[in-house]
Amino acid sequence: MDIAGKRILLTGATGGLGRALAVRLADRDVELVLVGRKRAALDEQLGALPAGNHQSVLADIASVDGRRAVVDAVGGSLDGLINCAGVNTFGLFADQCADDLERLLRVNVIAAVELIRDLLPVLGQRKSLVVNVGSTFGTIGYPGYTAYCASKFALRGFTEALARELADSSVRVCYFAPRAIRTPMNDANIEAMNAELGNTMDTPERVADSLVKFLEQGRARRHVGWPERLFVTLNALLPGIVDGALAKNLPVIQRHCRGDGASSLSPPG
Ligand SMILES: NC(=O)c1ccc[n+]([C@@H]2O[C@H](COP(=O)([O-])OP(=O)(O)OC[C@H]3O[C@@H](n4cnc5c(N)ncnc54)[C@H](OP(=O)(O)O)[C@@H]3O)[C@@H](O)[C@H]2O)c1
């Protein structure tokens, strides 16, 4: 898809990936509708973009009122929706509270799905694109990320089903799955765990470049990174091998879930 001149709605626009993505898209002459919950952060983000006919919407997309505000702001024309907002609750499942789990599912699944449905009448009026930002953990169940995995597995399944349901329409529905990214979503415990396990963490700028390329190539799905792509295939074909590999890493993951291992990242003294 040639994205120049297109009007695209981006949720999570004030987050680590969203900020980098907004800049990359604006550089390509995309007209942006940025969604976030913090006025100051949205204003700062708008100010950082190259000139263009951009706008922002202050909205908590986990709420019905927030999503209504987004739809009202969009009005009658939209070429694309990128569902990038997301939250995570890293930790052992037994330690998680009901409120956190509900918030996570509300933001990562319900908000994304409902926004698509609310905007379909507008998106359906022309050739358009929906991109749901998933995760490697939307395909590989990983200890410490149980609820997050549940949400991203759900988002991936929804995306695949809707893409097939709309295959004969003008709306293309895609799934983009990054591996770990250095953003505020990942606290010191996650950074320490990834460092100890040798898990690569991409910069948001690199992932944003990859997402823009994905949009332009018009592909249906993409998993970012190697060896993550290999593990995705291995997990589908021979999950016992991945069970075994993760069982070996389990003591390290458990320690970081409890917050016992982040001190190695602290500055000396
Ligand atoms: N970071 C990673 O390692 C990683 C890896 C794979 C996939 N992903 C996915 O990439 C996407 C972007 O994540 P990120 O790393 O950029 O995270 P981030 O820096 O924590 O940003 C998350 C964004 O989501 C927004 N958001 C959260 N709850 C919201 C709500 N109720 N209403 C409106 N906006 C809300 C946040 O807005 P506020 O500023 O108002 O909180 C923020 O802009 C997510 O879907 C995430 O699951 C991330």
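Along each chain, residue indices are assigned from 1 in the same order as the chain's sequence is written. Restriction of local features to residues with pLDDT of at least 70 applies here, the model being predicted, together with a cutoff of 80 or more for giving and counting side-chain atom pairs; totals for whole chains, interfaces and linings are based on all residues. The side-chain quantities take in all heavy atoms of the structure and omit both hydrogens and water.

Looking up the chain in an unreviewed UniProt entry gives the name SDR family oxidoreductase, with the organism given as Parahaliea mediterranea. Quoted verbatim from the Sequence similarities (unreviewed entry) field of UniProt, the annotation for the chain is "Belongs to the short-chain dehydrogenases/reductases (SDR) family." UniProt positions are given in the numbering used here, feature names are shortened, and annotations may be inferred rather than shown by experiment.

Engineer: Where do I start with the overall build of the chain in this structure?
Structural biologist: Runs of E in the DSSP output that reach at least two residues are strands. Runs of H or I that reach at least four are helices, and both are numbered from the N terminus. Of the regular secondary structure elements, the chain holds nine helices and seven strands. Its C-alpha atoms give the chain a radius of gyration of 19 Å, near enough to 18 Å, the size a compact globule of 269 residues would have. By its C-alpha atoms, the chain is 55 × 45 × 35 Å across when sized along the principal axes. Each residue is assigned to one of three classes by its accessible area relative to the maximum for its type, calculated with a 1.4 Å probe on protein chains only: buried under 20%, partly exposed between the two thresholds, exposed over 50%. Counting the 269 residues in the chain, one finds 47% classified as buried. The long-range share in the chain, meaning contacts at least 24 apart out of those at least 6 apart in sequence, stands at 67%. Summed over its atoms, the accessible surface of the chain is roughly 12600 Å², and 53% of this surface lies on carbon and sulfur atoms. Under this rule, positive means Lys or Arg and negative means Asp or Glu; His and the chain ends count for nothing. Each charge is placed at NZ for Lys, CZ for Arg, CG for Asp and CD for Glu. Each charge class in the chain was averaged separately, 30 positive and 29 negative side chains, and the resulting centres sit 4 Å apart. In this setup the radius of gyration rests on C-alpha atoms only. A globule is expected at 2.2 Å times the number of residues raised to 0.38. Between two residues, a contact is recorded if the distance between any of their heavy atoms is within 4.5 Å. For accessible areas, the Shrake-Rupley method is used with a probe of radius 1.4 Å. Any residue's cover is judged against the shown protein chains and nothing else.

Engineer: Can you help me understand the side chain of Thr-183 in this one?
Structural biologist: Structurally, Thr-183 can be placed in the loop between strand S6 (171-177) and helix H6 (188-197). What makes Thr-183 buried here is its relative accessible area of 14%. In this view, Thr-183 contacts Gly-16, Leu-17 and Pro-204; residues no more than four positions away in its chain are not counted.

Engineer: Could you clarify how one ought to interpret the pairing of strand S5 (residues 128-133) in this entry?
Structural biologist: Put simply, side chains in a regular strand alternate between the two faces of the sheet. For S5, the buried fraction is high: six of the six residues fall into the buried class. Judged by which residues are buried, S5 turns out to be covered on both faces: Ser-128, Val-130 and Asn-132 on one side and Leu-129, Val-131 and Val-133 on the other are all buried. Here strand S4 (residues 80-83) pairs with S5 via four bridges, running parallel. If you follow Gly-80 over to S5, its bridge partner there is Leu-129. When the strands point away from the viewer and the connection leading from the first strand across the helix to the second strand turns clockwise, the crossover is called right-handed. Handedness of the crossover joining S4 and S5 through helix H4 (residues 98-123): right-handed. Sheet topology note: the S5/S6 ladder contains six bridges and is parallel. Counted as the bridge partner of Asn-132 is Tyr-175 from S6. Chirality of the crossover, the property in question, places the unit of S5, helix H5 (residues 146-165) and S6 among those that are right-handed. Strands are labelled as partners when DSSP assigns at least two bridges between them.

Engineer: Hey, could you run me through the packing of aromatic side chains in this one?
Structural biologist: How two aromatic rings sit relative to each other is set out by the distance from centre to centre and by the angle between their planes. Only rings of Phe, Tyr and Trp enter the pairing, Trp through its six-membered ring, and a pair is recorded when the two centres are within 6.5 Å. The plane angle decides the type: under 30 degrees is stacked, over 60 is edge-to-face, the rest tilted. This model, assessed by the stated rule, comprises six aromatic pairs. Both rings, one in Phe-90 and one in Tyr-145, keep their centres 5.1 Å apart while their planes meet at 50 degrees; by these two values the pair is tilted. One end of the pair, Phe-90, is in the loop between S4 and H4; the other, Tyr-145, is in the loop between S5 and H5, with 55 residues separating them in the sequence. For the pair Tyr-145 and Tyr-148, a centre-to-centre distance of 6.2 Å together with 55 degrees between the ring planes defines the contact as tilted. Look at Tyr-148 and you get buried, because its relative accessible area is 8%. Of the aromatic side chains, those joined through ring pairs into one cluster are Phe-90, Phe-137, Tyr-142, Tyr-145 and Tyr-148. Two conditions define a charge located above a ring, namely a distance within 6 Å from the ring centre to NZ of Lys or CZ of Arg, and an angle within 35 degrees of the ring normal. Sitting over the face of the ring of Phe-153, Arg-156 holds its NZ or CZ atom 5.4 Å from the ring centroid.

Engineer: Would you take a moment to explain the UniProt feature "domain: Ketoreductase" (unreviewed entry) in the chain for this structure?
Structural biologist: In the numbering used here, UniProt assigns the feature "domain: Ketoreductase" (unreviewed entry) to residues 6-210. Taken end to end, residues 6-210 comprises 47% helix and 15% strand; its first and last C-alpha atoms sit 18 Å apart.

Engineer: Please explain the environment of Gly-261 as it appears in this structure.
Structural biologist: Within the secondary structure, Gly-261 is located in the segment after helix H9 (239-257). Taking the C-alpha atoms as reference, Gly-261 lies 7.4 Å from Met-193; in sequence the two are 68 residues apart. Apart from the residues within four sequence positions on either side, Gly-261 is in contact with Ala-192, Arg-255 and His-256.

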